Amino acid sequence: ENKKTYVDAFIDAAVTHNVSPYVLVSRVIQEIGAKGSTIVSGTVSGYEGYYNFYNIQAYGNSASETITNGLKYAKEQGWNSPYKAIIGGASFLGDNYIGAGQDTLYL
């Protein structure tokens, strides 16, 4: 896992969870933006070393509350590396959206 690149992580996630790697990468860009977010930095106080690339369970009334909730979920899931967060998030998306028939971001 430590020697895997982001490309490796997205390909592994796609193959493991039967989700297109293009969908996964597009989802990350849509959720955190092309420049990233602190939710994927691994440096947020109280949640150091945790990552949530797909903003799963990231909600709130402010940006900081949204990031905290998303990282709380990441910590509960054990997403303590970018690789684990990408794989785990793909599982969540595959099971709860794509596998349930939602094949676009909104339908």
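Now for a description of the structure that goes with this document. (Residues numbered from 1 in each chain as written. Predicted model: local features only at pLDDT ≥ 70, side-chain atom pairs only at ≥ 80, totals over all residues. Heavy atoms only, no water.)

**Thoughts on the overall build of the protein chain**
Helix and strand counts for the protein chain come out as four helices and zero strands. Secondary structure elements of the protein chain occur, N-terminal to C-terminal, as α-α-α-α. Counting every position in the protein chain, which comprises 107 residues, the buried fraction comes to 38%. Carbon and sulfur atoms form 52% of the exposed surface of the protein chain, whose accessible area is close to 6,300 Å². (Helix = DSSP H or I, 4+ residues; strand = E, 2+ residues; numbered from the N terminus. Buried < 20%, exposed > 50% of the residue type's maximum accessible area, 1.4 Å probe, protein only. Areas by Shrake-Rupley, 256 points an atom, 1.4 Å probe, with all protein chains shown as cover.)

**Quick look at the packing of aromatic side chains**
By convention here, two paired aromatic rings are described through the distance between centres and the angle between planes. Applying the stated criterion across every chain yields a total of four aromatic pairs. Relative to F53, the ring of Y51 lies with its centre 6.4 Å away and its plane at 15°, an arrangement referred to as stacked. Between Y73 and W79 the ring centres are 5.6 Å apart and the planes differ by 80°, which places this aromatic pair in the edge-to-face class. Each member of the pair, Y73 as well as W79, carries the same accessibility label: buried. Taken together, the ring pairs connect Y6, Y51 and F53 into an aromatic cluster. (Phe/Tyr/Trp six-rings, centres within 6.5 Å; stacked < 30°, edge-to-face > 60°.)

Nothing here speaks to function; it is geometry throughout.
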